[in-house]
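The primary structure of each chain is shown beneath.
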Amino acid sequence: MYLILLGAPGSGKGTQAKVLAERFNWLHLSTGDMLREAVAAGTELGKTAKGFMDSGSLVPDELVIAMLVERIGQPDAVEGFVLDGFPRNLPQAKALDEALTAAGKSIDLALEISVPDEDLVKRLGGRWICRDCGAIYHELFSPPSVAGKCDKCGGELYQRDDDTPETVRSRLEKQRPPADMIEHYRNSGHLKVIDGTQDVSKVTEDLIQAIDAKGK
Ligand code: AP5
Ligand code: MG
């Protein structure tokens, strides 16, 4: 299955991608995670990407496309993947189509998780992430049993550098899925919009229903 999760910052792409990847044993590829790893490792890509990420802007297409195309060309991606955070615009969507076509494959589904802005601000302001296993929590909506500690692995929880009110505002202004990209997937018959304001488990249920309906 070649699956894309689309949605604004904080819509739940990471939360849902982890659940789907675990349940179906799929590879979860998050360009945000890949870029944060590059920043932490101090690579050339990471050094360039950091400024864009800190200001809530998209990292330039040529850098992100090269990173993603290289990653999906690796052997563990041959059977498919769930993409979280890519594509973010029409050029990225077209680059993904081209890379898959060249490998004799194509996208199966593009699932857009739809959430209004006021919910997104609350979600991003209260998000905590495990430093060790990457599990995602929210201090009100899905809190850990012990504050600051991961339920799954006991790791330390932290807040992302770009979850400050200022950067969140900028990300929501600049990074909502653009209409031309959504049209691209609607026109190709791959788009399904999911109501992302529901509980995490209900959103998962709707995503799985759409995946099952695809019959793969
Ligand atoms: P990235 O890491 O992808 O950030 P993002 O798009 O801003 O998305 P988030 O990770 O913030 O949100 P999410 O949708 O994963 O939500 P989550 O599940 O965590 O990218 C970071 C940066 O990298 C970008 O700003 C950009 O600079 C760069 N970048 C990445 N990809 C790029 C690309 N392709 N091109 C160019 N630049 C790129 O959930 C959020 C919170 O809500 C959590 O606390 C969670 O517990 C809670 N929550 C989730 N679902 C629910 C629910 N149903 N009800 C209540 N709470 C919920
Ligand atoms: Mg995410």
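It should be emphasised that the depicted structure is a prediction, and the values quoted were computed from it without experimental measurement.

Asker: Please explain the site of ligand 1 as it appears in this structure.
Answerer: For ligand 1, the set of nearby residues contains 37 residues, the closest of which are T15, S57, R88, R127 and R171. At a separation of 3.4 Å, an oxygen atom of ligand 1 approaches a polar side-chain atom of S142. Here an oxygen atom of ligand 1 sits 2.9 Å away from a polar atom, N or O, in the side chain of R160. Looking at the shell around ligand 1, the elements that each hand over two or more residues are α1 (13-24), α2 (31-41), α6 (117-125) and β6 (136-138). Considering every element that reaches the shell around ligand 1, the biggest residue donor is α2, with four residues. Of the residues assigned to the shell around ligand 1, the class counts are 13 nonpolar, 15 polar and nine charged.

Asker: I'm lost on the pattern of salt bridges in this one. Help?
Answerer: One side chain can pair with another of opposite charge once the charged atoms of both are near each other. On inspection of all chains with the given rule, the structure shows twelve salt bridges. Here D117 and R176 are joined by a salt bridge, their closest N and O atoms 2.6 Å apart. Here R176 lies in the loop between α7 (165-174) and α8 (179-187) and D117 lies in helix α6, a separation of 59 residues in the sequence. Look at the salt bridges and you will find they share partners, linking R127, R160, D162, D163 and R171 into a network.

Asker: Help me understand the sheet that holds β6, please; the structure alone is not making it clear to me.
Answerer: Backbone-to-backbone hydrogen bonds pair the strands of a sheet. The strands run either parallel or antiparallel. Read from one edge of the open sheet, three strands run β6-β5-β7, paired in antiparallel fashion. A strand with exactly one partner marks an edge of an open sheet, and here the two such strands are β6 and β7 (157-158). Relative to β7, strand β5 (residues 127-130) runs antiparallel, the two sharing two bridges. Along β7, the bridge assignment pairs I129 with Y158.

Asker: What am I meant to see in the nonpolar core here?
Answerer: Soluble globular proteins tend to bury their nonpolar side chains together. With 29 residues, the main nonpolar core has L6, F81, L96 and Y185 as its most contacted residues. Broken down by secondary-structure element, the contributors of at least two residues to this core are β1 (2-6), α2, α3 (44-54), α4 (61-72), β3 (81-84), α5 (90-102) and α8. Counting residues per element, this core draws most heavily on α4, at five residues.

Asker: Any chance you could explain the sheet that holds strand β8 (residues 191-195) here in plain terms?
Answerer: An order of β2-β3-β1-β4-β8 is seen for the five strands of this open sheet, with the pairing classed as parallel. Edge positions in the sheet fall to β2 (28-30) and β8, since each has one partner strand and no second. Across the sheet, the mean angle from the axis of one strand to that of its neighbour is 20 degrees, orientation sign disregarded. Both strand β4 (residues 109-114) and β8 contribute to a ladder of five bridges, which runs parallel. Residue A110 lies in a different strand from β8, and its bridge partner there is L191. Set on the sheet, helix α9 (residues 200-214) makes contact with β1, β4 and β8; between it and β4 the angle comes to about 160 degrees.

Asker: Looking at this structure, how should I read α1?
Answerer: Every α-helix carries 3.6 residues per turn, so stepping three or four residues along brings you back to the same face. With twelve residues, α1 extends 16 Å from end C-alpha to end C-alpha; this agrees with the ideal 16 Å at 1.5 Å per step. Where α1 is buried, its residues meet β1, β2, β3, β4, β6 and α9. Positive backbone phi, at 60 degrees, marks N25, one or two positions downstream of α1.

Asker: When you look at unusual backbone geometry in this model, what are you seeing that I'm missing?
Answerer: Trans is the common state for peptide bonds, and a negative phi is the common state for residues other than glycine. With an omega of -5 degrees, the peptide bond running from F86 to P87 counts as cis. Structurally, P87 is set in the loop between β3 and α5. Even without being a glycine, N25 presents a positive backbone phi close to 60 degrees.

Asker: Help me understand the environment of L83, please; the structure alone is not making it clear to me.
Answerer: Secondary-structure assignment places L83 in strand β3. For the pair formed by L83 and G14, sequence separation is 69 residues and the distance between their alpha carbons is 9.4 Å. Every residue in contact with L83, bar those within four places of it in the chain, is listed here: L3, I4, L5, L29, L68 and L96.

Here is what the cut-offs are and how they apply
Residues numbered from 1 in each chain as written. Chains lettered and ligands numbered in written order. Predicted model: local features only at pLDDT ≥ 70, side-chain atom pairs only at ≥ 80, totals over all residues. Heavy atoms only, no water. Near = heavy atom within 4 Å. Polar contact = N/O pair within 3.5 Å; in protein donor to acceptor, adjacent residues only side chain to side chain. Helix = DSSP H or I, 4+ residues; strand = E, 2+ residues; numbered from the N terminus. Nonpolar A, V, L, I, M, F, W, Y, C, P; charged D, E, K, R; others polar. Salt bridge = Lys/Arg side-chain N within 4 Å of Asp/Glu carboxyl O. Pairing = 2+ DSSP bridges. Core = buried A, V, L, I, M, F, W, Y, C linked by side-chain atoms within 4.5 Å. Buried < 20%, exposed > 50% of the residue type's maximum accessible area, 1.4 Å probe, protein only. Axes fitted to C-alpha atoms, helices over the stretch in contact; angles between N-to-C directions. Contact = heavy atoms within 4.5 Å. Expected span 1.5 Å × (residues − 1).

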